[in-house]
Amino acid sequence: MPIKAFIFDLDGVLTDTAEYHYRAWNRLADEIDVPFTREENEALRGIPRRESLLTLLKGHPTTEEQLQAWMSRKNDYYLEFIREISSTDVLPGARELLEEIRAAGLKSALGSASKNAPEVIQRLGIAHLLDSVSDGNSVERQKPAPDLFLHAAGKLGVSPRECVVVEDAAAGVEAALAGGFWTLALGPVTRFPVAHHILPGLENIHLQELLDIFSITDF
Ligand code: B16
Ligand code: MG
């Protein structure tokens, strides 16, 4: 089946907001006196806000009301940090690839766990290059469930086998595989137990190269 579309994760694929998530979680962790390291933040890659907070709390007893308040406080800090984002924060190669996909008549979608994704793509100046946006508000079950990517494929009107999901998180690759998508994982090979193809990032990666890779890769 020919590839008709690409679904891009946001954080870690099109831009690197992991640092801002880290700073926001770290500020909250300091305030509530819970130890939190950069290493622990790595494990939160692609993980939704609520699960991230529960991981950060490491079983620390709390109430639902308190969880909601802390999530909201972390998000306020995050929103403060992402005000600094501009078009120069698009990761190398990402804008060029989106433009090549558009020029070739293929489709691109966003598939991000972040509820702040629409604001981030506006600030990056790439919203017009995406044919649809699926984010943390689009589905109930988040990654590693396949729902978000299936939502994106549905909006584009393509089947999973016609789509490549581009992800930087193991949970995201797992979600894409569960949905029957082709997977392009970005990052160190040690991060991904399984994926169809792994690259360090999108810098100098062109559409034709990706189409060639997925035309000869066995599902
Ligand atoms: P928010 P992605 C994910 O985005 C981030 O990697 C993860 O660190 C974050 O907790 C999650 O979005 C939720 O973000 O708090 O903004 O709703 O990698 O799926 O684009
Ligand atoms: Mg990500």
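None of the values given here were measured: they were computed from a predicted structure. (Residues numbered from 1 in each chain as written. Chains lettered and ligands numbered in written order. Predicted model: local features only at pLDDT ≥ 70, side-chain atom pairs only at ≥ 80, totals over all residues. Heavy atoms only, no water.)

**Quick notes on the packing of helix α1 (residues 18-31) against helix α3 (residues 49-57)**
The relative placement of two packed helices comes down to the angle between their axes together with the axis-to-axis distance.
Move 1: Here α1 crosses α3 at 45°, and the two axes come no closer than 12 Å. Relative to α3, the element α1 is oriented oblique. When you trace α1 past α3, the crossing you get is right-handed. Taking contact as the criterion, the partners of Trp25, Leu28 and Ala29 in α1 are, on α3, Arg49, Ser52, Leu53 and Leu56.
Move 2: A breakdown of the residues in the contact of α1 with α3 according to their chemical character gives five nonpolar, one polar and one charged. (Axes fitted to C-alpha atoms, helices over the stretch in contact; angles between N-to-C directions. Helix = DSSP H or I, 4+ residues; strand = E, 2+ residues; numbered from the N terminus. Parallel < 35°, antiparallel > 145°, perpendicular 65-115°, else oblique. Left-handed = near helix turned anticlockwise from the far one by under 90°. Contact = heavy atoms within 4.5 Å. Nonpolar A, V, L, I, M, F, W, Y, C, P; charged D, E, K, R; others polar.)

**Looking at the pattern of salt bridges**
Move 1: Within this structure, the stated rule accounts for 15 salt bridges.
Move 2: Note that Arg45 and Asp168 form a salt bridge whose closest N and O atoms lie 2.4 Å from each other. Separated by 123 residues along the polypeptide, Arg45 in the loop between α2 (38-42) and α3 and Asp168 in the loop between β4 (163-167) and α8 (170-178) bring together distant segments of the chain.
Move 3: The buried category is assigned to Asp168, whose relative accessible area is 1%.
Move 4: One connected set of salt bridges, linked through shared partners, spans Glu42, Arg45, Asp168 and Arg191. (Salt bridge = Lys/Arg side-chain N within 4 Å of Asp/Glu carboxyl O. Buried < 20%, exposed > 50% of the residue type's maximum accessible area, 1.4 Å probe, protein only.)

These results come straight from atomic positions and should not be treated as a statement about function.
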